[in-house]
Amino acid sequence: PTSDDTPEVLNRALSNLSSRWKNWWVRGILTLAMITFFFIIIYLGPMVLMTIVMCVQIKCFHEIITIGYNVYHSYDLPWFRTLSWYFLLCVNYFFYGETVTDYFFTLVQREEPLRILSKYHRFISFALYLTGFCMFVLSLVKKHYRLQFYMFGWTHVTLLIVVTQSHLIIHNLFEGMIWFIVPISCVICNDIMAYMFGFFFGRTPLIKLSPKKTWEGFIGGFFATVLFGLLLSYVMSGYRCFTCPVEFNNDTNSFTVDCEPSELFQLQEYNIPLVLQSVVGWKTVRMYPFQIHSIALSTFASLIGPFGGFFASGFKRAFKIKDFANTIPGHGGIMDRFDCQYLMATFVNVYIASFIRGPNPSKLIQQFLTLRPDQQLHIFNTLKAHLVDKGIL
Amino acid sequence: EVDLEERLGELDLRSDSDVPDVPPATDSTPEILKRALSGLSARWKNWWIRGILTLAMISGFFLIIYLGSFMLMLLVLSIQVKCYHEIITIGYRVYHSYDLPWFRSLSWYFLLCVNYFFYGETVADYFATFVQRREQLQFLIRYHRFISFALYLTGFCMFVLSLVKKHYRLQFYMFAWTHVTLLITVTQSHLVIQNLFEGMIWFLVPISSVICNDITAYIFGFFFGRTPLIKLSPKKTWEGFIGGFFSTVVFGFIFSYFLAQHQYFVCPVEYNSETNRFVTECEPSELFQMKKYSVPPLLQAVLGWETVNMYPFQMHSIALSTFASLIGPFGGFFASGFKRAFKIKDFADTIPGHGGIMDRFDCQYLMATFVHVYITSFIRGPNPSKLLKQLLILQPEQQLSVYKTLKSHLVEKGILQPSLKG
């Protein structure tokens, strides 16, 4: 049975209420606290956001690994704790190296040690990983082979889920803070709206895995989230600090978000389809193209995002745990809050790569510089011919 | 039905002794061999079977090399599918989960998805001209990641919907087992294919070095073996390990010398859209052109030469052989540990005398990744045509700024003469 983590303050303030209302109030207060915290870190900027993403990632990793230890009673294999953290470090080093090389290209070129680390980055990461792999093989102990392989498998699957997704979130962030804020907010909104619709109108159960979810909550949450996404995108698209890609300014050595807003974030006139004209009463409407994309994001958050939650529910039932951990009173662990976010992060990243963003120019320049001179000349001439052809040059 | 959950719970917590014993391996030796060797004792018979099958596999390997790159790729794909099947079957046996019908379908579906994703990423680059001509393929290529992700998500949602009350833990185990297996077998087989496209020599020399290390370590161990190497594999000895290391380096050195002379092995594999075949024809790069090296004074006394004519590639082959001999065996130890953990003697019975396909390929996996990382770090630059393709997709303003940066760089390096216009 979980220990009661609620701070003393709250306990005293709510001591008069019955246990059900008390639980509701605790959850409510913590929800507001988390949302407020979210706004504060958005205000503080990209650097703080990245640090928070990193911390959440480490905490989620720690929670899932701890569950593995509890399931397999393997806490006493001392090598294993060290190896798990070592692998976490290796994979993070690899991903951060790739990200840093792409986005901080000029900074990296200036500093000699960074340049070498960046040039041979994959080789170094692989060597580090191999060291961990060999240590694992050398640490195999006769009576515990199966346990050790289980923990090895558990560690790798956890890394795959937790670390890759957190780096996808950071990539989304670099594309523009709006691509970070809108998806996360949609998932949170869907959570809250589905709960409210279910609370007031819920009748038909949705899935055996989560008996508290209902079809009314699911559908109500879907429509509410799409609407919320449209409104939030409208408000955010007006501000450059949200819509511009995050860039690293070499002179000031800090992150800047300053640019000419792309087409996505410029108001356009859209014709309302005849069907809706009678309902809404307008003939045309001025919208940002990004709002159309937000419909896709909200739809995914409401319809497919919950599968991440069902997956986590199934996982908890499979391993007979109530919550991932006790970090947040009334809510459980960090993983409990972030289980739906993971699928969302990957979706947003794939969506951006497929429909929005072209290749990264600085990365292309970087690749160009490693080619042979004759190849460089060939590409340069082809590009020149293309630009002349298009009349740009 | 026995409460599977409870049984599984106990299964996890006790030591290894509870894993069900695998039934003794069926003897899949062909009848011909059995009759030919019926006169010998069991120990020699086993040695002969292993020997004959080894020669058969090596001959098969040479035959496929002769048949060309396309056949090699098919071979790699078949091996990947077979390895995947072997490991998944072990999972079924360990967890008695063969009866969960969804799971077989889902495992094969995930294999298909991941292969689709990887083939789309690699193949699209190499078959650029072929793809440009066909409209449907263009659509698939442009939205490739999205389509792959959608396919994967479908499988993920099917998994969630297939969760059955009494079998949650079993299903999660099989899900994880499937994913780890995919990570190991599928990614590595695609790295092997990418190495192949770089030039068949990058495919042949690493694989041959691993095989050579296997055989020479066994031979050295047979004749000189005395000190055990590692508790996991009691038959391995330090003498075999070190003897195998030196022989493999020498073998790699000599083998590279012969292969580096032929364009067929040295040139990157390209797809010729006119003849619709793979061609390996090119101007051999610097790596494959003879150079004079001065022999260090230490070795001069031993060898008696002052300079030697070598291909630069042979230096790289030393790195590859060293990895194959020193780190490659860890892949083998990992597989041995895995077999002991799950109380199986071999991964399967496919090859008489040798076990399953995985048994032969366990050391190759680390090698494939190493070669790929080695090539990308030290040898190859990015693919020029891919780079050009990406440049042409950029926005006009981006193209202009890239053009200016490139121009200033080329002028600085003296590759381009500064001109008055443009």
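Residues numbered from 1 in each chain as written. Chains lettered and ligands numbered in written order. Predicted model: local features only at pLDDT ≥ 70, side-chain atom pairs only at ≥ 80, totals over all residues. Heavy atoms only, no water.

Engineer: Which residues make up the nonpolar core, and what values do they have?
Structural biologist: In terms of nonpolar packing, the biggest core is built from 181 residues, with A:Phe136, A:Trp179, A:Phe180, B:Phe159, B:Ile201, B:Trp202 and B:Phe203 touching the most fellow members. Among the elements that take part in this core, helix α8 (residues 145-175) of chain A stands out by supplying 14 residues, more than any other. Here this core spans two domains, and each of domain 1 (1-44) and domain 2 (46-77 + 141-358) of chain A adds at least three residues to it. Once residues lying within four places of it in the same chain are set aside, the contact partners of A:Phe180 are A:Phe38, A:Leu49, A:Val53, A:Ile169 and A:Leu173. Among the nonpolar cores identified, the runner-up in size contains 18 residues, and A:Leu383, B:Leu388, B:Val402 and B:Tyr403 belong to it. (Core = buried A, V, L, I, M, F, W, Y, C linked by side-chain atoms within 4.5 Å. Buried < 20%, exposed > 50% of the residue type's maximum accessible area, 1.4 Å probe, protein only. Helix = DSSP H or I, 4+ residues; strand = E, 2+ residues; numbered from the N terminus. Domains from an automatic or database assignment. Contact = heavy atoms within 4.5 Å.)

Engineer: I'd love a proper account of the interface of chain B and chain A, names of residues and values included.
Structural biologist: Each partner contributes to the interface: chain B provides 72 residues, whereas chain A provides 69 residues. Connecting chain B to chain A are 0 salt bridges. Where chain B packs against chain A, one counts 1 residue pair in polar contact (both at pLDDT 80 or more). (Salt bridge = Lys/Arg side-chain N within 4 Å of Asp/Glu carboxyl O. Polar contact = N/O pair within 3.5 Å; in protein donor to acceptor, adjacent residues only side chain to side chain.)

Engineer: Would you mind going over the pattern of salt bridges in detail, with residue names and values included?
Structural biologist: Residues and elements named next belong to chain A. Tallied over the entire structure, the rule returns 4 salt bridges over all chains. The partner of Glu 98 in a salt bridge is Arg 122, with the nearest N and O atoms 3.4 Å apart. Within this pair, whereas Glu 98 is found in helix α4 (residues 78-103), its partner Arg 122 is found in helix α7 (residues 121-138), the two being separated by 24 residues in sequence. Exposure remark for Glu 98: the relative accessible area of 25% places this residue in the partly exposed category.

Engineer: Requested: an account of the domain arrangement of chain A, with residues and values cited.
Structural biologist: Taken as a whole, chain A is organised into domain 1 (1-44), domain 2 (46-77 + 141-358) and domain 3 (360-392). Put simply, the middle of domain 2 of chain A and the middle of domain 3 of chain A, counted by C-alpha atoms, are 37 Å apart.

Engineer: Give me unusual backbone geometry: which residues, what numbers.
Structural biologist: Its identity as a non-glycine residue notwithstanding, A:Lys320 has a phi of 55 degrees, on the positive side. Within the secondary structure, A:Lys320 sits in the loop between α14 (305-318) and α15 (334-356). By relative accessible area, A:Lys320 is classed as exposed at 65%. Of note in this structure, B:Lys343 is not a glycine but carries a positive phi near 50 degrees. Within the element layout of this structure, B:Lys343 appears in the loop between α15 (328-341) and α16 (357-361). By relative accessible area, B:Lys343 is classed as partly exposed at 29%.

Engineer: Can you lay out the packing of aromatic side chains for me, pointing to particular residues and giving the numbers?
Structural biologist: Considering all chains together, one arrives at 74 aromatic pairs over all chains under this definition. With centroids separated by 6.1 Å and ring planes inclined at 55 degrees, the aromatic side chains of A:Phe347 and B:Phe146 adopt a geometry described as tilted. Separated into two different chains, A:Phe347 in helix α15 and B:Phe146 in helix α8 (residues 144-161) make up a pair that spans both. The buried category is assigned to A:Phe347, whose relative accessible area is 7%. (Phe/Tyr/Trp six-rings, centres within 6.5 Å; stacked < 30°, edge-to-face > 60°.)

Engineer: I'd like a description of the state of the cysteines, backed by residues and values.
Structural biologist: Evaluation of the coordinates by the stated rule reveals 0 disulfides over all chains. In this structure A:Cys55 is a free cysteine whose sulfur lies 11 Å from that of A:Cys60, the closest cysteine sulfur available. (Disulfide = S-S within 2.5 Å.)

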